[in-house]
Amino acid sequence: SVLLPTYNERDNLPLVVWLLVTTLRRSGIDFEIIIIDDGSPDGTQEVAKQLEKIYGSDKILLRPRARKLGLGTAYIHGMKYASGNFIVIMDADLSHHPKFIPEFIRKQKEGNFDIVSGTRYKGNGGVYGWDLKRKLISRGANFLTQVLLRPGASDLTGSFRLYRKEVLEKLMEKCVSKGYVFQMEMVVRARQLGFTIGEVPISFVDRVYGESKLGGNEIISFLKGLLTLFATT
Amino acid sequence: MTKLGQWLCGLALLGSAWAALALAPPGLQPPAPLRQALLPLPIYLLVAFGCYSLATVGYRLATFNDCEEAAAELQEQIKAARADLRRRGLRL
């Protein structure tokens, strides 16, 4: 079950769904795509309805919400309708490419992992569209995280992951943070609970359409969240 | 124990070992050369860690992969996707 939380993704949604369907059909993987739209004002839901008609309501599940309620609750909401035994979470803005999902699955089988995390920092993982400053912030923040949390995973703020359904359910109960820190907390708690994590290098292609969000506010809240995790886990 | 707890314990352990040896009263002092090396050790370690951090982040920054092919491939696929979706009846 692929969970796609969306907010104002009218342009990207059909493309990411097309890529998902094409990739997963070609790999013979049984799948469903759950679109959790938080009341987007730009017509995302209309596009989603068209996609449902094109690909069938057994493959495209529309489970919208009235307004912007955040990523964590979007996952919880989406999971209620997921019939898969594995859940893939990813961004709907084309920064995560569905072609890695079969690799996640292969990796999961290889090590019987509870979680497979896409990493931009190892192997031939990487990014496209980031300037030096953005890369520096990313590497610096990741270094700080590694020193303070020693998490046993190279990319903690990444949100392209495969989870065993029961594992994600368990983690959602325990995680309380928001934003980037939420993704970090999932990995940290997973380690605490003894879940195993495998990694697959991924390429992250920054926003093809729309605006990317990393300002001073994000950095501050990231640091606050990191220190909270440091002090409480 | 939390990570913070581990750090505090570790620092307390190392700190007290250092203090015991470096700040010991005259009767219990280790030999002079050892004391001379021991006294500034915390600062040296801090600076060494600072250098290590800069070097590591710098290296990782320099070797951060740029996924040119991935971006190009994506652009191609977007074109194909748009054409296919239009054929299947998607109206934007």
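Being a predicted model, the structure only gives us computed values, none of them experimental.

(A) Geometry of the packing of helix H1 (residues 12-26) of chain A against helix H4 (residues 68-87) of chain B. Between H1(A) and H4(B), the least distance of the axes is 9 Å, while the angle of their chain directions is 95°. By the criterion of interaxial angle, the relationship of H1(A) to H4(B) is roughly perpendicular. Across from A:Pro14, A:Leu15, A:Trp18 and A:Leu19 in H1(A), the residues of H4(B) making contact are B:Leu74, B:Gln77, B:Ile78, B:Ala80, B:Ala81, B:Arg82, B:Asp84 and B:Leu85. Looking at the contact of H1(A) with H4(B), its residues break down into nine nonpolar, one polar and two charged.

(B) Broad picture of the layout of surface pockets. Roughly 640 Å³ of volume is contained in the second largest pocket. If you go around the second largest pocket, you meet 16 residues; those closest to its centre are B:Leu11, B:Leu14, B:Pro42, B:Leu45 and B:Leu46. Elements represented by at least two residues in the lining of the second largest pocket include exactly helix H5 (132-149) of chain A together with helix H1 (3-22) and helix H3 (41-62) of chain B. Top element by residues in the lining of the second largest pocket is H1(B). It accounts for six residues. Per-class residue counts for the lining of the second largest pocket are 14 nonpolar, two polar and no charged.

(C) Representation of the interface of chain A and chain B. Contacts between the two partners involve 43 residues from chain A and, on the opposite side, 35 residues from chain B. Regarding the contact of chain A and chain B, the summed buried area is about 3,500 Å², with carbon and sulfur atoms giving 67% of it. Taken as a group, A:Trp18, A:Arg139 and A:Phe143 account for 20% of the area that chain A buries against chain B, more than any other trio of residues on that side. On inspection of chain A and its partner chain B, the count reaches two salt bridges. Of the charged contacts, one joins A:Lys135 and B:Asp66 as a salt bridge, the two residues approaching to 3.2 Å between their closest N and O atoms.

(D) Focus on the packing of aromatic side chains. Tallied over the full model, the rule gives eight aromatic pairs over all chains. Between the aromatic rings of A:Phe230 and B:Trp7, the centroid separation amounts to 6.0 Å while the plane-to-plane angle is 80°, which identifies the pairing as edge-to-face. With A:Phe230 in helix H8 (residues 216-232) and B:Trp7 in helix H1, this residue pair bridges two chains. Under the relative-accessibility criterion, B:Trp7 is labelled partly exposed at 33%. Every member of this aromatic cluster is reached through a ring pair, and the members are A:Tyr121, A:Trp130, A:Phe204 and B:Phe64. One cation-aromatic arrangement involves A:Arg63 over A:Tyr81; the distance from NZ or CZ to the ring centre is 4.9 Å. Here A:Arg120 stacks its cationic end above the ring of A:Phe204, 5.5 Å away from the centre of that ring.

(E) Quick look at the side chain of A:Asp37. All names here are of chain A. In this structure, aspartate 37 sits in strand E2 (residues 33-37). In this structure, aspartate 37 is buried with no salt-bridge partner, the nearest side chain bearing the opposite charge being lysine 49 at 8.9 Å. If sequence neighbours within four positions are ignored, aspartate 37 has contacts with Thr6, Tyr7, Thr44, Gln45, Arg63, Pro64 and Arg65.

(F) Region of interest: the pattern of salt bridges. The tally for this structure, following the rule as stated, stands at 13 salt bridges over all chains. The salt bridge involving A:Arg164 is made with A:Asp114; its shortest N-O contact spans 3.0 Å. Of the two residues, A:Arg164 is situated in strand E7 (residues 161-164) and A:Asp114 in the loop between helix H4 (101-111) and strand E5 (115-119); the sequence distance between them amounts to 50 residues. The same class applies to A:Arg164 as to A:Asp114, namely buried. One salt-bridge network, held together by shared partners, links B:Asp84, B:Arg87 and B:Arg88.

(G) Inspection of the UniProt feature "domain: Glycosyltransferase 2-like" (unreviewed entry) in chain A at higher detail. Taken from the UniProt record, the annotation "domain: Glycosyltransferase 2-like" (unreviewed entry) applies to residues 1-171 of chain A. This span, residues 1-171 of chain A, is 42% helix and 17% strand, and a straight line between its end C-alpha atoms measures 17 Å.

(H) Just the environment of A:Thr228, in detail. Residue and element names in this part refer to chain A. Inspection of the secondary structure puts threonine 228 in helix H8. With relative accessibility at 46%, the residue threonine 228 sits in the partly exposed group. Along the chain, threonine 228 and serine 177 lie 51 residues apart, while their C-alpha atoms are 9.4 Å from each other.

About the thresholds
- Residues numbered from 1 in each chain as written.
- Chains lettered and ligands numbered in written order.
- Predicted model: local features only at pLDDT ≥ 70, side-chain atom pairs only at ≥ 80, totals over all residues.
- Heavy atoms only, no water.
- Axes fitted to C-alpha atoms, helices over the stretch in contact; angles between N-to-C directions.
- Helix = DSSP H or I, 4+ residues; strand = E, 2+ residues; numbered from the N terminus.
- Parallel < 35°, antiparallel > 145°, perpendicular 65-115°, else oblique.
- Contact = heavy atoms within 4.5 Å.
- Nonpolar A, V, L, I, M, F, W, Y, C, P; charged D, E, K, R; others polar.
- 1 Å grid on protein atoms, 1.4 Å probe; cavity = no way out; pocket = protein on both sides within 12 Å on 5 of 7 lines; lining within 4 Å.
- Points joined across faces, edges and corners; volume = space filled by probe spheres on them.
- Buried area = accessible area lost by both parts, 1.4 Å probe.
- Salt bridge = Lys/Arg side-chain N within 4 Å of Asp/Glu carboxyl O.
- Phe/Tyr/Trp six-rings, centres within 6.5 Å; stacked < 30°, edge-to-face > 60°.
- Buried < 20%, exposed > 50% of the residue type's maximum accessible area, 1.4 Å probe, protein only.
- Lys NZ or Arg CZ within 6 Å of the ring centre and 35° of its normal.
- Lys, Arg positive; Asp, Glu negative; His and termini not counted.
- UniProt positions renumbered as here; feature names shortened; annotations may be inferred.

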